[in-house]
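Spelled out from the first residue to the last, the chains are:
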Amino acid sequence: MTRLAAISRPLAAAARVQVARSAAATHSAVQIRNYSSEHGEESFEHFTERFVKFFDNVDDVFELQRGLNNAFGYDLVPSPSVIAAALKASRRVDDYATAVRVFEGLKFKAGSDAIYKQYLDELAPLKAELGVETKEELGL
């Protein structure tokens, strides 16, 4: 056995013991929390109110896209008032592409052409006012 190997074995063993001790100490000091059990169910009305308020206060593209990601991440189709607030926010921050993408997200979340058409019919006046078209209307 070389001299280096003879020295390194005890050092490696001591390092493993020290790592195990510090991991055990860290593990015992960490408090584990179950966050999901602390929150109640959010009603659809509260969800709608929360996201309409959020989109009414958006000042930049990053916040807008983060809010859209959060709103469309839930297992529900956002109400027309949420979509309207998101469209207004898109135009307010001058991001036409995101306004078009709002309709793409809506089409995906609606799940059926009939529901998507109902949303388009309800949002038609706002679409015309803001000058926003869907991806299909743009020929993309």
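Residues numbered from 1 in each chain as written. Predicted model: local features only at pLDDT ≥ 70, side-chain atom pairs only at ≥ 80, totals over all residues. Heavy atoms only, no water.

Undergrad: How do you make sense of the overall build of the protein when you look at a structure like this?
TA: Assigned secondary structure in the protein consists of 6 helices and 0 strands. Mapped from its N terminus to its C terminus, the protein presents α and β elements in the order α-α-α-α-α-α. Residues classed as buried in the protein amount to 29% of the 140 residues present. At a minimum sequence separation of 6, the contacts of the protein that also span at least 24 residues come to 66%. Counting only carbon and sulfur atoms, one obtains 55% of the accessible surface of the protein, whose full area is about 9,700 Å². (Helix = DSSP H or I, 4+ residues; strand = E, 2+ residues; numbered from the N terminus. Buried < 20%, exposed > 50% of the residue type's maximum accessible area, 1.4 Å probe, protein only. Contact = heavy atoms within 4.5 Å. Areas by Shrake-Rupley, 256 points an atom, 1.4 Å probe, with all protein chains shown as cover.)

Undergrad: What should I look at first to understand the layout of surface pockets in this one?
TA: Leftover empty space is mapped by rolling, across the atoms, a probe with the size of a water molecule. Taken as a whole, the largest pocket holds about 170 Å³ of empty space. Lining the largest pocket are Gln65, Leu68, Phe72, Thr98, Arg101, Val102, Glu104 and Gly105. Counting only elements with at least two residues in the lining of the largest pocket, the list comes to α3 (61-72) and α5 (96-110). Among the elements that make up the lining of the largest pocket, the one with the highest residue count is α5 (5 residues). Looking at the lining of the largest pocket, its residues break down into 3 nonpolar, 3 polar and 2 charged. (1 Å grid on protein atoms, 1.4 Å probe; cavity = no way out; pocket = protein on both sides within 12 Å on 5 of 7 lines; lining within 4 Å. Points joined across faces, edges and corners; volume = space filled by probe spheres on them. Nonpolar A, V, L, I, M, F, W, Y, C, P; charged D, E, K, R; others polar.)

Undergrad: For this particular structure, what's the right way to read the nonpolar core?
TA: Note on soluble globular proteins: their nonpolar side chains tend to be buried together. One finds Phe55, Leu64, Leu68, Ile83, Leu87, Phe103 and Leu106 to be the most contacted residues of the largest nonpolar core, which totals 28 residues. Those elements that provide at least two residues to this core are α2 (44-56), α3, α4 (80-92), α5 and α6 (113-130). Per-element tally for this core: the top contributor is α4, with 7 residues. Discounting chain neighbours no more than four positions away, the residues touching Leu68 are Phe55, Ala86, Thr98 and Val102. (Core = buried A, V, L, I, M, F, W, Y, C linked by side-chain atoms within 4.5 Å.)

Undergrad: What is the right way to read unusual backbone geometry from this model?
TA: Residues other than glycine predominantly adopt negative phi, and peptide bonds predominantly adopt the trans conformation. Positive phi is not limited to glycine here, since Asp94 has a value of about 60 degrees. Mapped onto the fold, Asp94 is located in the loop between α4 and α5.

Undergrad: Got a minute to help me understand the environment of Leu120 in this structure?
TA: Along the polypeptide, Leu120 turns up in helix α6. Beyond its immediate stretch of four places on either side in the chain, Leu120 contacts Phe103, Lys127 and Thr134.

Undergrad: Mind showing me how you'd approach α4 here?
TA: Each turn of an α-helix holds 3.6 residues, which means side chains three or four residues apart point in the same direction. In this model α4 runs 18 Å from its N-terminal to its C-terminal C-alpha over 13 residues, within 8% of the 18 Å that 1.5 Å per residue would give. Turning to α4, its buried residues number three or more, namely Pro80, Val82, Ile83, Ala84, Ala85, Ala86, Leu87, Ala89 and Ser90. Looking at the buried side of α4, the elements it contacts are α2, α3, α5 and α6. Of the residues one or two after α4, Asp94 is the one with positive phi, at around 60 degrees. (Expected span 1.5 Å × (residues − 1).)

Undergrad: It is not clear to me how the pattern of salt bridges should be interpreted in this structure. Could you clarify?
TA: It is possible for side chains of opposite charge to pair when their charged atoms get near one another. One pass over the full model with this rule turns up 7 salt bridges. A salt bridge links Lys107 to Glu136, with the shortest nitrogen-to-oxygen separation between them at 3.0 Å. Placement of the pair is Lys107 in helix α5 and Glu136 in the segment after α6, with a sequence separation of 29 residues. When the shortest N-O distance is used, the salt bridge between Lys117 and Asp121 registers 3.2 Å. Taken together, the residues span about one helical turn, with Lys117 and Asp121 both in helix α6 at a distance of 4 residues. Judged by relative accessible area, which is 45%, Asp121 ranks as partly exposed. Three or more residues joined by partner-sharing salt bridges are found here, namely Arg101, Glu104 and Lys135. (Salt bridge = Lys/Arg side-chain N within 4 Å of Asp/Glu carboxyl O.)

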